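Residue strings, one per chain:
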Amino acid sequence: MPGAISIGAMPGHILSGSGPKGRVANLSRFTAADATGLASYTPDIGGAWTVVTGAPTIESNKASDNSVDIQATVASGVANCTISVNLTANNDDFQGIVFRRQGASDYMIIGLDNDDNIRHWRQIAAVWDSPNSAAFTVSNATTYALKLVLSGTSMKFYVDGVLYINVSETNFSGATIHGIYTDGVTWNADVNWDEFKIEVP
């Protein structure tokens, strides 16, 4: 990705686009006609999206949850990787990244939660827990650069270049399905994603 991509009016919210440091397994800039279903969109690099829940579409060249719960994934073929995306937030729900999805009842999510926290949630055999969190004030309609770095059992999560979570996570360490996720009860606005990338270090 040539150059650096500046997001909105907030100068700190930047997702670097200076070029891959390794192989890119998936790059989705979501450039398509409005109302294109995410499952019908062809990524710039990598395989197609699978919609697990909801009906996400492309709107203004961004993936949109259309104010309903969604989970959408790509089969990247890589477990150890860096997942990055620019997310335009809604402070009434959880929004972020689903990663290392092993099955319908076994996967993890990380992102911005409606209680003004960054949270790492995991579902193991259909049982949820949230082992890691960090205080973070979510502002509605603000775009944040999210980055998740996975290497073996090491898991690091950054927002706007700041490291918030740095832990060991042993579950599903070989799973290679990753994507985008929202879950909530009420919405102020749509959650949008742009410049989704899975990169192999």
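A brief report on the enclosed structure follows. (Residues numbered from 1 in each chain as written. Predicted model: local features only at pLDDT ≥ 70, side-chain atom pairs only at ≥ 80, totals over all residues. Heavy atoms only, no water.)

1. Points about the pattern of salt bridges
This is how it is decided: Salt bridge criterion: a side-chain nitrogen from Lys or Arg within 4 Å of a carboxyl oxygen from Asp or Glu. Strands here mean DSSP runs of E at least two residues long; helices mean DSSP runs of H or I at least four residues long; both are numbered from the N terminus. Think of it in three bands: with a 1.4 Å probe and only protein chains considered, a residue is buried below 20% of the maximum accessible area for its type, exposed above 50%, and partly exposed in between.
Scanning all chains against the criterion turns up 7 salt bridges. Put simply, Asp 44 and Arg 29 hold a salt bridge, and the shortest N to O gap is 4.0 Å. Pair noted here: Asp 44 is in the loop between strand E4 (36–37) and strand E5 (50–53) and Arg 29 is in the loop between strand E3 (24–28) and E4, with a separation of 15 residues, a long-range link. On the accessibility criterion, Asp 44 (42% relative accessible area) is partly exposed. You can call Arg 29 partly exposed: its relative accessible area is 25%. We note a salt bridge from Asp 113 to Arg 119, for which the minimum N-O separation is 3.6 Å. Look at Asp 113 and you get buried, because its relative accessible area is 8%.

2. Regarding the environment of Val 127
Along the chain, Val 127 turns up in strand E13 (residues 127–135). Residue Val 127 is classed as exposed on the basis of its relative accessible area, which comes to 56%. C-alpha separation for the pair Val 127 and Asp 106, spaced 21 residues apart in sequence, amounts to 8.6 Å.

3. Notes on the pairing of strand E12 (residues 117–124)
Where we set the bar: Paired strands are those between which DSSP finds at least two bridges.
Along E12, 6 of the 8 residues are buried, which leaves the element largely enclosed by surrounding structure. Pairing geometry for strand E11 (residues 106–113) and E12, over 7 bridges, is antiparallel. When the sheet's bridge partners are listed, Ile 109 is paired in E12 with Trp 121. Connecting E11 to the antiparallel partner E12 that follows it, the hairpin turn spans 3 residues, and Asp 116 within it adopts a positive phi of roughly 60°. In this structure, E12 lies alongside E13, joined through 7 bridges in antiparallel fashion. From the neighbouring strand, His 120 faces E13, where its bridge partner is Asn 132. Turn length for the E12-E13 hairpin, with the two strands adjacent in sequence and antiparallel, is 2 residues, and the turn residue Ala 125 shows positive phi of about 50°.

4. As for unusual backbone geometry
Here Ala 126, not a glycine, exhibits a phi torsion of approximately 70°, which is positive. Relative to the elements of secondary structure, Ala 126 occurs in the loop between E12 and E13. Positioned with a positive phi, Glu 195 is a non-glycine residue whose angle comes to about 55°. A residue is classified by how much of its surface remains accessible, and Glu 195, at 8% relative accessible area, is buried.

5. Digging into the environment of Leu 163
What counts, and what does not: Residue contacts follow a heavy-atom distance rule, with two residues in contact if any of their heavy atoms lie within 4.5 Å.
One can find Leu 163 in strand E16 (residues 162–168). Placed 16 residues apart in sequence, Leu 163 and Lys 147 show a C-alpha to C-alpha distance of 9.1 Å. Those residues in contact with Leu 163 that lie beyond four places of it in its chain are Lys 156, Phe 157 and Tyr 158.

6. Re the packing of aromatic side chains
Selection criterion: The criterion for an aromatic pair is that two Phe, Tyr or Trp rings (for Trp, the six-membered ring) have centres within 6.5 Å, with stacked assigned to planes under 30 degrees apart, edge-to-face to planes over 60 apart and tilted to the rest.
In the structure shown here, the tally under the stated rule is 9 aromatic pairs. A ring pair is formed by Tyr 107 and Trp 128, whose centres lie 5.5 Å apart and whose planes are at 85°; its orientation type is edge-to-face. With Tyr 107 in strand E11 and Trp 128 in strand E13, this residue pair connects regions lying 21 residues apart in the sequence. Between Tyr 107 and Tyr 181 the ring centres are 6.2 Å apart and the planes differ by 50°, which places this aromatic pair in the tilted class.

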